[in-house]
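Inside the fold
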Amino acid sequence: MTPRRPHPKYSQFRFDAGSIALNFVTTVKHRGAQPRDLLSTPAALDDWFRRAGFSNLDVESSFRDAEEALLLREAVYRTVRALIIHETPQAGDVNRINATAAYSLAVPQLDAASYGVQWESAHPIKACLAEVARDAVIIIGSSERHRLKLCANPGCQMLFLDNSPANRRRWCAMSICGNRAKVTLHRQRKMGVSNECL
Ligand SMILES: [Zn+2]
């Protein structure tokens, strides 16, 4: 039997969760089945920040930075998930998000020679994490909270912000989990029909 090839979106970073903080959370795949962490090294974290649009800052994370980043990521995940399933988030997680949101952001500076913009920060990684944490604070604390969803695929359970007008999305992406659910339903229906014929 040929092993089923994973959908390309399952094996790489995703930036379709609807917000930067939620995109950061998607760096753990298959949270509902066999979680796989795409940020297992500081270099992977740096790569994520570059791809997420933080290319204006020269980020070079240490192991300690990466550890802090992952703690923030999981705090955001647990807090958002708890709110979606109507549970009380952990105070420690909320404290971590707030403390990180309070870090200084990078500031734009005019280059004296080229008159171009240079983004500067004494702690580039902290400035990046602050952006992620501030985004989490805004989406959790605003009316957008009612648009926070968990993908209905039990093995996926990706968090996303439902920006559809009707706010009725069930899947992280129709092209991935939505289609899988359709195929499963189709198969089940077919089996039901053949069983009835027996
Ligand atoms: Zn999904």
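Placed above this text is the structure.
Everything in this summary refers to the structure shown in the same document.

1. Focus: the overall build of the protein
Secondary structure summary: the protein contains six helices and six strands in total. For the protein, the succession of helices and strands along the chain, N to C, is α-β-β-α-α-α-β-β-α-β-β-α. C-alpha extents for the protein along the principal axes are approximately 80 × 40 × 35 Å. The 198 residues of the protein split such that 27% are buried. Within the protein, contacts between residues separated by at least 24 positions form 54% of all contacts whose residues are at least 6 apart in sequence.

2. Some details on the pairing of strand E3 (residues 107-110)
Of the pairings in the sheet, the one linking E3 to strand E4 (residues 117-120) comprises four bridges and is antiparallel in character. Bridging from a neighbouring strand, Leu110 pairs with Val117 of E4.

3. Describing the packing of helix H3 (residues 63-84) against helix H5 (residues 124-141)
Taken N-terminus to C-terminus, the directions of H3 and H5 make an angle of 5°; their axes are 11 Å apart at the nearest point. On the basis of the axis angle, H3 is roughly parallel to H5. In contact with Asp65, Glu68, Ala69, Leu72, Val76, Thr79, Val80 and Leu83 of H3, H5 contributes Ile125, Leu129, Val132, Ala133, Ala136 and Ile140. Its residues placed into classes, the contact of H3 with H5 shows eleven nonpolar, one polar and two charged.

4. So, the packing of H3 against helix H4 (residues 91-101)
Running from N to C, H3 and H4 point in directions that differ by 125°, and their axes come no closer than 9 Å. The angle between H3 and H4 places the two elements in the oblique class. The chirality of how H3 crosses H4 is left-handed. Residues Leu71, Leu72, Ala75, Val76, Arg78 and Thr79 of H3 form the contact with H4, whose participating residues are Asp93, Val94, Arg96, Ile97 and Thr100. Classifying every residue of the contact of H3 with H4 by side-chain character gives six nonpolar, two polar and three charged.

5. Some thoughts on the nonpolar core
Ala21, Val76 and Val132 are the most contacted members of the largest nonpolar core, which totals 37 residues. Only helix H1 (20-25), helix H2 (42-51), H3, H5, strand E6 (159-161) and helix H6 (174-197) provide two or more residues apiece to this core. The leading source of residues in this core is H5, at nine residues. Beyond its immediate chain neighbours, meaning those up to four positions away, Ala21 contacts Val76, Val132, Asp135, Ala136 and Ile139.

Definitions and cut-offs
- Here the residue numbers are simple positions, counted from 1 along each chain's written sequence.
- Predicted model: local features are reported for residues with pLDDT of at least 70 only, side-chain atom pairs are reported and counted for 80 or more only, and whole-chain, interface and lining totals are derived from all residues.
- Note on conventions: DSSP H or I runs of at least 4 residues are helices, E runs of at least 2 residues are strands, and numbering of each starts at the N terminus.
- Counts of 20 or more other C-beta atoms within 10 Å of a residue's own C-beta define buried residues, counts of 12 or fewer define exposed ones, and intermediate counts define partly exposed ones; C-beta atoms are placed from the backbone.
- Remark: residues whose backbone-derived C-beta atoms lie within 7 Å of one another are considered to be in contact.
- In this scheme, strands are said to pair when DSSP sees at least two bridges between them.
- To get an axis, a line is fitted to the C-alpha atoms, and for a helix only the part in contact is used. The angle between two axes follows their N-to-C directions and goes from 0 to 180 degrees.
- Angles below 35 degrees are treated as roughly parallel, those above 145 as roughly antiparallel, those between 65 and 115 as roughly perpendicular, and all remaining angles as oblique.
- Residues were grouped as follows: Ala, Val, Leu, Ile, Met, Phe, Trp, Tyr, Cys and Pro as nonpolar; Asp, Glu, Lys and Arg as charged; and all remaining residues, including Gly, as polar.
- Crossing handedness follows the turn of the near helix against the far one: under a right angle anticlockwise gives a left-handed crossing, and clockwise gives a right-handed one.
- The term nonpolar core refers to a group of buried residues, namely Ala, Val, Leu, Ile, Met, Phe, Trp, Tyr and Cys, whose C-beta atoms join them within 7 Å.

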